[in-house]
Amino acid sequence: MLERRSLKLPITLGVLMIVVIVTLIVGWVLIVVGKIFQSPQSSLYWTLLTVGSLMFVFVLVGVVMYLSLSVKAINLNRRQSNFIDSVTHELKSPIASLKLYLQTLNLRKVTDEEREQFHKFMLADVARLDGLISHLLEAGMVDNPRDKKQHENIDLSLLIQECVGTVCARYRVPETTCQLALIPAEIQAPTVDANMIFRNLIDNAVKYAGTPPQVNISMRFEGAQIVTEVADNGPGIPTGQRRKIFGRFQRLGKELEREKPGTGLGLYIVRTLVKQLNGSVRVLDREKKMGTVFEVRLPGQKIVRVNSKLN
């Protein structure tokens, strides 16, 4: 899943730059020491000047390309480090917790109430591990665009309600945590992709919401697009970090010092899938309130639903 870059290009570029630099040095020595040409009006003078200039331009271009490759390599190493730290932390915490509960159950007698509580905590740890594996699998899937035949007509308002129920159950918060202002609207997309987009956004909002958690989800039409906003009352995201959070394994702060679980893949999955559906996603500030707004724009159309309870 991590990017694999071939070493052929940087190695070839490095060898060519060395050859060109050696050639330039040798040519300069021959010109200055050997006095190959005597007059600036000679054809040899202009030939050597042209060739030397082209070689010098090639070296400059090569240096720029090498710098670009170096920056990409540094960013890749950083993402790999974030990935290792994140996955290690996500695996270690629930496994250590499961081990502790199992050892406790094995070494001493516990009351029925304690046993029930231990089972509840162990199921939560298993769910956390399952979520980690699901995120890794989803991140591997999203890079391959779906066939148009897999697209279906999806009632977006109903799908969002299902995602709200799933996320609230996971974090054991009432569904009233998410205040909905939805309208009957339809998009064309693979159901699994649409589910991943809005489940990850709502999961992110509930996870990083303040105390008490409050998430507002609204929909509206702008032309031929459905605009969905997921707003939370959390600490917000600094302006300079807003583009970075959509990268793979990107999370704010130091990985091993975070209290919130996660892999840094959720928003990468969201951005990739939204782009494949010819949509866009961006981060906004909440007006006169603390928190973050994720705005998703997707092509869609209104639908008429009989006895609709949605506003």
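Everything below is about the structure printed above this text.
Remember, it's a predicted structure, so these values are computed and weren't measured experimentally.

Criteria and thresholds
- Residues numbered from 1 in each chain as written.
- Predicted model: local features only at pLDDT ≥ 70, side-chain atom pairs only at ≥ 80, totals over all residues.
- Heavy atoms only, no water.
- Phe/Tyr/Trp six-rings, centres within 6.5 Å; stacked < 30°, edge-to-face > 60°.
- Helix = DSSP H or I, 4+ residues; strand = E, 2+ residues; numbered from the N terminus.
- Buried < 20%, exposed > 50% of the residue type's maximum accessible area, 1.4 Å probe, protein only.
- Salt bridge = Lys/Arg side-chain N within 4 Å of Asp/Glu carboxyl O.
- Expected span 1.5 Å × (residues − 1).
- Contact = heavy atoms within 4.5 Å.

Draft legend 1. Structural view of the packing of aromatic side chains. Within the structure shown, the criterion is met by three aromatic pairs. Both rings, one in Tyr101 and one in Phe118, keep their centres 5.1 Å apart while their planes meet at 45°; by these two values the pair is tilted. Pair noted here: Tyr101 is in helix H2 (residues 43–107) and Phe118 is in helix H3 (residues 112–142), with a separation of 17 residues, a long-range link. Between the aromatic rings of Phe246 and Phe294, the centroid separation amounts to 6.3 Å while the plane-to-plane angle is 80°, which identifies the pairing as edge-to-face. Within this pair, whereas Phe246 is found in the loop between strand S5 (225–232) and helix H6 (266–276), its partner Phe294 is found in strand S7 (residues 292–302), the two being separated by 48 residues in sequence. The same class applies to Phe246 and to Phe294, which are both buried. Members of the aromatic cluster, each reached through a chain of ring pairs, are Tyr101, Phe118 and Phe121.

Draft legend 2. Layout of the pattern of salt bridges. Per the counting criterion, the structure on display carries eight salt bridges. Residue Arg220 pairs with Glu222 through a salt bridge whose shortest N-O separation is 2.9 Å. Judged by its relative accessible area of 30%, Arg220 is partly exposed. When its relative accessible area of 34% is taken as the criterion, Glu222 is described as partly exposed. In this structure, a network of salt bridges that share partners links the residues Arg220, Glu222, Glu229, Arg282, Glu295 and Arg297.

Draft legend 3. Representation of helix H4 (residues 156–171). The end-to-end C-alpha distance of H4 is 23 Å, a good match for the 22 Å that 16 residues give at a rise of 1.5 Å each. Taken as a whole, H4 has its buried residues at Leu156, Ser157, Leu159, Ile160, Cys163, Val164, Gly165, Val167 and Cys168. On its buried face, H4 sits against strand S1 (152–155), strand S2 (178–181), strand S3 (185–189), helix H5 (191–207), strand S4 (215–222) and S5. Phi turns positive one or two residues past the end of H4, at Arg172, with a value near 55°.

Draft legend 4. The environment of Trp28, seen in detail. Mapped onto the elements, Trp28 comes out in helix H1 (residues 8–34). Placed 24 residues apart in sequence, Trp28 and Gly52 show a C-alpha to C-alpha distance of 8.9 Å.

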